[in-house]
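# Residue-level structure breakdown
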Amino acid sequence: MEPMTSSAKRVLLAAPRGYCAGVDRAVVTVEKALDLYGPPVYVRKEIVHNKHVVTTLEKRGAIFVDETDEVPEGATVIFSAHGVAPIVHEEARALSLKTIDATCPLVTKVHREAKRFASDDYDILLIGHEGHEEVVGTSGEAPDNIILVQSPDHVDQVEVRDPSKVVWLSQTTLSVDETMETVRRLREKFPALQDPPSDDICYATQNRQLAVKQMAPETDLMIVVGSRNSSNSVRLVEVALEHGARDGHLVDYADEIDEAWLSGVSTVGVTSGASVPEVLVRDVLTFLADRGYDDVQPVTAAEESLLFALPNELRRDLKAAGQGTKVRHDAGSLH
């Protein structure tokens, strides 16, 4: 056997990648609701930010709407993993909707923090992207107290009422490094700035970025499987390029890979965002293997075993119907 040379074609495959516990729970929630209640089941906003997942669930009878008033009175509506503002719950009650809240528990934690600090009349500096559903939902918990900070460069414009009563919170799917740089600059400006009780950037976002950081210096091309509206997926491409990958691209499907990207490339890194079914990663690996990249080497940055229970409303109905309340996603169901 020839010794491996630097010109040999290989794939570095990130672990962990793909589904996090919050996405797993949200997707299974829609699948089980369709099975239990029958279609249509309405979902407010995309259940998770992945084109393939949304299209597949639409084919099964899920109807995705932008606003609560698009749901017929008395129907069942599922709130997406990104969370909703309190006013959305009020709108649902006014329409007598049966609600199932699939908000990720880690997002719910940030909502609770926002409410708690607002009740103590803190100014809350929320680090996140304007218009992202998670930011809209969290901001809705304390609109009079929350000031959005979008990037380190935005810090100069931030004004607060009382510099001694300031706390920062963040969207769960941001770049860890950029967020900490934003916090560093905020603390320079407001030395009394308090930290959240626990880290807001979720474990899955951090772990996926950690794997990419480890792979990037050896990677000529990083392929991240994920959708353009998926914040955590977009961040993975940025993190790869910041940490030494020569090139990086975000694709929803293997057929979006441009053959020209592979020119002169010996090492391809592959990972996927937290809302991406594994089947889409397998398709990318097959695409690469067909082009000579068949030596796949795993890069493991962390082990993940976290599972979240299904939403209470759905669990109760499943039990009443004598059905199981297993959360773990059936890997075959979103092919």
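These figures come from a predicted structure and were not determined experimentally.

### Focus on the overall build of the protein chain
Scanning the protein chain for helices and strands turns up 10 helices and 12 strands. The C-alpha atoms of the protein chain give a radius of gyration of 21 Å, which matches the 20 Å a tight globule of 335 residues would have. With the principal axes as the frame, the protein chain shows a C-alpha extent of 70 × 55 × 30 Å. Of all 335 residues assigned to the protein chain, the portion counted as buried reaches 55%. Partitioning the intrachain contacts of the protein chain with sequence separation of at least 6 by distance along the chain shows that 76% fall at a separation of at least 24. A total of about 14500 Å² of accessible surface is found on the protein chain, and carbon and sulfur atoms cover 49% of it. One way to put it: in the protein chain the 34 positive side-chain charges average out to a point 5 Å from where the 54 negative ones average out.

### Focus on the pattern of salt bridges
Tallied over the full model, the rule gives 23 salt bridges. Here Glu113 makes a salt bridge to Lys109, at a shortest N to O gap of 3.1 Å. Highlighted residues: Glu113 and Lys109, both in helix α4 (residues 105-119), separated by four residues, approximately one helical turn. Taken individually, Glu113 and Lys109 each receive the classification buried, so the pair is uniform in this respect. The partner of Glu304 in a salt bridge is Arg208, with the nearest N and O atoms 2.8 Å apart. With Glu304 in the loop between β12 (296-300) and α10 (312-320) and Arg208 in helix α7 (residues 203-215), this pair connects stretches of sequence that are 96 residues apart. By relative accessible area, which is 28% here, Glu304 ends up partly exposed. Among the charged side chains, a salt-bridge network with shared partners connects Asp153, Glu181, Arg184, Arg185 and Glu188.

### Description of the pairing of strand β4 (residues 76-79)
When a strand is regular, its side chains alternate between the sheet's two faces. Because side chains alternate across β4, one face comprises the buried residues Thr76 and Ile78, and the other comprises Val77 and Phe79, equally buried. Bridging between strand β2 (residues 41-44) and β4 involves three bridges; their strand directions are parallel. Within the sheet, the bridge partner assigned to Tyr42 lies in β4 and is Val77. By the bridge criterion, four bridges tie β4 to strand β5 (residues 98-101) in an arrangement that is parallel.

### Regarding the UniProt feature "active site" (unreviewed entry) in the protein chain
Here, UniProt's "active site" (unreviewed entry) annotation points to Glu134. By the element assignment, Glu134 lies in helix α5 (residues 133-139). The class for Glu134 is buried, based on a relative accessible area of 2%. Glu134 has contacts with His82, Val107, Ser170, Gln171, Thr172 and Thr173, leaving out every residue within four places of it along the chain.

### Notes on the packing of aromatic side chains
The description of an aromatic ring pair rests on the distance of the ring centres and on the angle between the ring planes. Evaluation of the coordinates by the stated rule reveals one aromatic pair. Ring centres 5.4 Å apart and planes at 75° place the aromatic pair Phe117 and Tyr122 in the edge-to-face group. The class for Tyr122 is buried, based on a relative accessible area of 13%. Just above the ring of Phe117 sits the side chain of Arg116; from NZ or CZ to the centre is 4.8 Å. One Lys or Arg, Arg291, reaches over the ring of Phe287 and ends 3.6 Å from the middle of that ring.

### Some words on the nonpolar core
Within the largest apolar cluster, 30 residues are counted, with the highest numbers of intra-cluster contacts made by Val30, Ile47, Val48 and Ile78. For this core, the secondary structure elements donating two or more residues are α1 (21-37), β2, α2 (51-60), β3 (62-65) and α10. Apart from the residues within four sequence positions on either side, Ile78 is in contact with Thr29, Val30, Ala33, Val41, Tyr42, Val43, Arg44, Ile47, Ile100 and Ala102. One finds Ala254, Ile257, Trp261 and Leu280 within the second-largest nonpolar core, a separate group that totals 22 residues.

### Re the environment of Glu303
Its place among the elements puts Glu303 in the loop between β12 and α10. Between the alpha carbons of Glu303 and Leu210 there is a distance of 12 Å; along the sequence they are 93 residues apart.

### Things to note about the packing of α1 against α10
Direction vectors running N to C along α1 and α10 enclose 40°, while the axes themselves pass 11 Å from each other. One way to sum up the angle between α1 and α10 is to call them oblique. In this structure, the crossing between α1 and α10 has a hand that is left-handed. Contact residues: Thr29, Lys32, Ala33, Leu36 and Tyr37 in α1; Glu313, Leu314, Asp317 and Leu318 in α10.

### Observations regarding the state of the cysteines
Counted under the stated rule, the structure contains zero disulfides. Here Cys20 stays free of any disulfide, with the sulfur of Cys202 as its closest cysteine sulfur at 5.8 Å. Take Cys20: its relative accessible area is 13%, and that puts it in the buried class. A disulfide-free cysteine, Cys104 has its sulfur positioned 6.1 Å from the sulfur of Cys20, the nearest such atom. Judged by relative accessible area, which is 11%, Cys104 ranks as buried.

Parameters at a glance
- What you see as residue numbers is a count from 1 along each chain, following the sequence as written.
- In view of the model being predicted, local features appear only for residues whose pLDDT reaches at least 70, and side-chain atom pairs are presented and counted only at 80 or more, with totals across whole chains, interfaces and linings using the full set of residues.
- Neither water nor hydrogens contribute to the side-chain values; these are computed over all heavy atoms in the structure.
- Secondary structure counts use DSSP, requiring at least four H or I residues in a row for a helix and at least two E residues in a row for a strand, with both numbered from the N terminus.
- Two things to know: the radius of gyration comes from C-alpha atoms, and the globule rule equals 2.2 Å times the number of residues to the power 0.38.
- Relative accessibility thresholds used throughout: buried, under 20% of the residue-type maximum; exposed, over 50%; partly exposed, between the two (1.4 Å probe, protein chains only).
- Here a residue-residue contact requires only that any non-hydrogen atoms of the pair lie within 4.5 Å.
- Note on areas: these come from Shrake-Rupley sampling with a 1.4 Å probe, and a residue is covered only by the protein chains present in the view.
- Neither His nor the chain termini are counted; the positive set is Lys and Arg, and the negative set is Asp and Glu.
- Here the site of a charge means NZ on Lys, CZ on Arg, CG on Asp, or CD on Glu.
- Basic side-chain nitrogens of Lys or Arg form a salt bridge, by our definition, when they fall within 4 Å of a carboxyl oxygen of Asp or Glu.
- Only when DSSP finds a minimum of two bridges between them are two strands counted as paired.
- UniProt positions are given in the numbering used here, feature names are shortened, and annotations may be inferred rather than shown by experiment.
- Planes of paired rings set the category: under 30 degrees apart is stacked, over 60 is edge-to-face and the rest tilted, where pairs are Phe, Tyr or Trp rings (Trp by its six-membered ring) whose centres lie within 6.5 Å.
- Charge-over-ring placement is defined geometrically: NZ (Lys) or CZ (Arg) within 6 Å of the ring centre, and within 35 degrees of the ring normal.
- What is meant by a nonpolar core is a set of buried Ala, Val, Leu, Ile, Met, Phe, Trp, Tyr and Cys residues, joined one to another through side-chain atoms within 4.5 Å.
- As a rule, the C-alpha atoms of each element are fitted with a line to give its axis, helices using only the stretch in contact, and angles between N-to-C directions run from 0 to 180 degrees.
- Angle categories are assigned with fixed cut-offs, so that under 35 degrees is roughly parallel, over 145 is roughly antiparallel, 65 to 115 is roughly perpendicular, and the rest are oblique.
- Handedness of a helix crossing follows the sense of rotation of the near helix relative to the far helix, less than a right angle counterclockwise being left-handed and clockwise being right-handed.
- Any two cysteine sulfur atoms within 2.5 Å of one another count as a disulfide.

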